Amino acid sequence: MDQSDAGKKIFILYPHSVIKEELMDLLIMAGFESYTLRDHKRALKLLEKFPDSIIFINIDDGMGEKEWEVYIKGIMENPKTKDCRVGILSYNTDKALMQKYLMEIAVPCGYIQLKLGVRESTKIMIYALEANEARGKRKYIRAFCADDINATVNVKGSGGIYYGKILDISAAGIAAKFDKFDDLPPNTKIREMQLKLRGGLILTDAVLIGRRNDNVCIFLFDVPRMSPDHALIIHRFIKYTIQHYMDNLVIR
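These lines cover the structure that appears in this document, whether it is placed above or below.

**What about the overall build of the protein?**
When helices and strands are counted, the protein shows 7 helices and 12 strands. For the C-alpha atoms alone, the extent of the protein along its principal axes is close to 70 × 35 × 30 Å. In the protein, 64% of the contacts between residues at least 6 apart in sequence involve partners at least 24 apart.

**Observations concerning the sheet that holds strand S4 (residues 85-90)**
Within the open sheet, the 5 strands sit side by side as S2-S1-S3-S4-S5. Their pairing is parallel. Looking along the sheet, the strands with just one partner apiece sit at the ends: strand S2 (34-37) and strand S5 (111-113). When strand polarity is set aside, the average angle formed by the axes of neighbouring strands in this sheet is 20°. Direction of pairing for strand S1 (residues 10-13) relative to S2: parallel, over a ladder of 4 bridges. The residue of S2 that forms the bridge with Ile10 is Ser34. Packed on one face of the sheet, helix H5 (residues 95-104) meets S4 and S5 and runs near 150° to S5.

**Focus on the nonpolar core**
Counting residues in each nonpolar core, the largest one holds 58 residues, and the members touching the most others are Ile72 and Ile169. Looking at this core, the element that brings in the most residues is helix H7 (residues 228-247), giving 5 residues. Those residues in contact with Ile72 that sit more than four places away from it in its chain are Ile57, Ile59, Val86, Ile88, Tyr101, Ile105 and Val107. Judged by nonpolar contacts, the second largest core, of 19 residues, contains Ile10, Phe32, Cys109 and Ala134.

**Considerations on the pairing of strand S3 (residues 54-58)**
Looking down a regular strand, the side chains alternate between one sheet face and the other. With 5 of its 5 residues buried, S3 lies for the most part within the structure. Burial along S3 is two-sided: Ile54, Phe56 and Asn58 and Ile55 and Ile57, pointing in opposite directions, are all buried. By the bridge criterion, 4 bridges tie S1 to S3 in an arrangement that is parallel. Bridged to Ile10 within S3 is Ile54. Direction of pairing for S3 relative to S4: parallel, over a ladder of 5 bridges. Looking at S4, one finds that Phe56 is bridged to Gly87. Between S3 and its parallel partner S4, the chain crosses via helix H4 (residues 65-77), and the hand of that crossover is right-handed.

Cut-offs applied
- All residue numbers here refer to positions counted from 1 along the written sequence of the relevant chain.
- Local features in this predicted model are restricted to residues whose pLDDT is 70 or higher, and side-chain atom pairs enter the listing and the counts only when it is 80 or higher, whereas totals over whole chains, interfaces and linings include all residues.
- Calculation of side-chain values draws on the structure's entire complement of heavy atoms; hydrogens and water are dropped beforehand.
- Every helix listed is a DSSP run of H or I at least four residues long, and every strand listed is a run of E at least two residues long, numbered separately from the N terminus.
- Only heavy atoms matter for contacts: two residues are in contact if any of them lie within 4.5 Å across the pair.
- Strands qualify as paired when DSSP identifies two bridges or more between them.
- To define axes, lines are fitted to C-alpha atoms, for helices over the stretch in contact only, and angles between the resulting N-to-C directions are given on a 0 to 180 degree scale.
- For this analysis, a nonpolar core means a set of buried residues of the types Ala, Val, Leu, Ile, Met, Phe, Trp, Tyr and Cys, connected via side-chain atoms within 4.5 Å.
- Exposure is judged per residue with a 1.4 Å probe applied to protein chains only, and the accessible area is read against the type maximum: over 50% gives exposed, under 20% gives buried, and values in between give partly exposed.
- When the strands point away from the viewer and the connection leading from the first strand across the helix to the second strand turns clockwise, the crossover is called right-handed.

Here is the structure:
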């Protein structure tokens, strides 16, 4: 897959605790592959590993303002990270500080004032992400969860209830492996598919799109009829899964 198709990874370094959950929910629901980081040294290693990524830095936490200035200039000047794009998050409304980051340092993803509120701040952040083509050509974030025993599905079939293991999931649908499944043609409507996602329970209609080997079935959700609460459960599971992957990624 071309990188422009996959989109960019978005890192939020030292996210403010009061906005972290809602901010990340909104970014994930908008289709941006977003992660939180709590270690500025690890952040630099991740930027080297993913040099086309975007990082928003909360300069109210982690280090002093002068240290942040050196850190951010370092990202923008280091040959290994210079292609990463930096944005600033802060409750500080000092115009001189904003001017420094926007005009002198020239961070490409802007200076976002969090005092505007999480919804308005996120709207501005999304505008910056779209301007930097962060979503790529991808419409949905896909989370791979074959190793998560708490991601399962069951479907009513001719032989009773068939139980499956979810292999990957997006807001649009799932791939799941079943020990047994009816021999159904593509585009068959599946009624009341039940998903269990780490304690979250979802009941939704879906369409069987096709099959792979070994009883792996591909389903698309009936998204327009899915409740907002169920959609949020899916997005939060995706958020948890990709964050878990990034937290456990070994980098040197």
